[in-house]
Amino acid sequence: MSHLFKNLTRSVSLTDVCISHNDFGVGGIQSMVSFLKYSPIHLLSIGENDNFNTECFDLLVSGLHGGSIEHLHVEYCSIEDVMALERYSLPELRTLILEHNSIRQIPSLEEYTSLERLYLNNNVIGEEG
């Protein structure tokens, strides 16, 4: 995976990346960070990766911080905590899909003024979440 994103780092035209149904974790996300920071990505789909956990989500959101991401799909993973959404800014985010994870609590999304669609089905969000 690192070879793929190393070669894509200079891409200025790639806007949609779908890498669902794979088997990568923190190492895979770390190899993407440079690419994410400097590419005009609008859609990123990383769903159905069993090794994609909370640590991966934090790293992903930090890599997307301040960028042009509009649609982020991270469903059917092993995410328990999405507080990175409060620590980092995704100002253009319009769609956030976090279905089928193990998320217990959702942070304030008050700063996400562009957010139009939020999917949280099949998590473990309680009354406090």
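It should be emphasised that the depicted structure is a prediction, and the values quoted were computed from it without experimental measurement.

Criteria and cut-off values
Residues numbered from 1 in each chain as written. Predicted model: local features only at pLDDT ≥ 70, side-chain atom pairs only at ≥ 80, totals over all residues. Heavy atoms only, no water. Helix = DSSP H or I, 4+ residues; strand = E, 2+ residues; numbered from the N terminus. Rg over C-alpha atoms; globule rule 2.2 N^0.38 Å. Salt bridge = Lys/Arg side-chain N within 4 Å of Asp/Glu carboxyl O. Buried < 20%, exposed > 50% of the residue type's maximum accessible area, 1.4 Å probe, protein only. Polar contact = N/O pair within 3.5 Å; in protein donor to acceptor, adjacent residues only side chain to side chain. Contact = heavy atoms within 4.5 Å. Pairing = 2+ DSSP bridges. Axes fitted to C-alpha atoms, helices over the stretch in contact; angles between N-to-C directions.

Q: What's the story with the overall build of the protein chain in this structure? I'm lost.
A: Across its full length, the protein chain holds four helices and five strands. Traced from its N-terminal end to its C-terminal end, the protein chain shows the element sequence α-β-α-β-α-β-α-β-β. For 129 residues, the compact-globule formula gives about 14 Å, and the C-alpha radius of gyration of the protein chain, at 14 Å, lands near that figure. In terms of overall dimensions, the protein chain has a C-alpha envelope of 45 × 30 × 20 Å along the principal axes.

Q: Mind showing me how you'd approach the pattern of salt bridges here?
A: Note that side chains of opposite charge can pair when their charged atoms are close. Within the structure shown, the criterion is met by four salt bridges. Between D58 and R87 there is a salt bridge, with its nearest N and O atoms 3.4 Å apart. On the criterion of sequence distance, the pair formed by D58 in helix α3 (residues 54-64) and R87 in helix α4 (residues 84-87) is long-range, its members being 29 residues apart. According to the relative accessible area criterion, D58 is partly exposed, its value standing at 23%. A salt bridge links R94 to E70; its shortest N-O distance comes to 3.1 Å. Here R94 is found in the loop between α4 and β4 (95-97), whereas its partner E70 is found in the loop between α3 and β3 (71-73), with 24 residues between them in sequence. For R94, a relative accessible area of 28% translates into the label partly exposed.

Q: Would you explain the side chain of N49 in this entry?
A: Residue placement: N49 occurs in the loop between β2 (43-45) and α3. Engagement of the side chain of N49 in a polar contact is seen with the backbone nitrogen of N22, the distance being 2.9 Å. At a separation of 2.8 Å, a polar atom in the side chain of N49 contacts the main-chain carbonyl oxygen of I46. Setting aside its immediate chain neighbours within four residues, N49 contacts I19, S20, H21, N22, D23, F24, Y76, C77 and S78.

Q: Would you take a moment to explain the sheet that holds β2 for this structure?
A: Strand pairing in a sheet relies on backbone hydrogen bonds. The paired strands run either parallel or antiparallel. Pairing is parallel in the open sheet, where five strands are placed in the order β1-β2-β3-β4-β5. With one partner strand each, in any of the chains shown, β1 (16-18) and β5 (117-119) form the two edges of the open sheet. Neighbouring strand axes in the sheet, compared pairwise and without regard to direction, differ in orientation by 5 degrees on average. Taken together, the three bridges between β2 and β3 define a ladder with parallel strand orientation. What sits directly across from S45, in β3, is H73.

Q: Help me understand the environment of L90 in this model?
A: For L90, the location among the structural elements is in the loop between α4 and β4. Considering only alpha carbons, one finds L90 and E70, 20 residues apart in sequence, at a separation of 8.2 Å. Sequence-distant contacts of L90, defined by excluding residues within four places in its chain, comprise V61, L64, H65, I69, L72, L85 and Y112.

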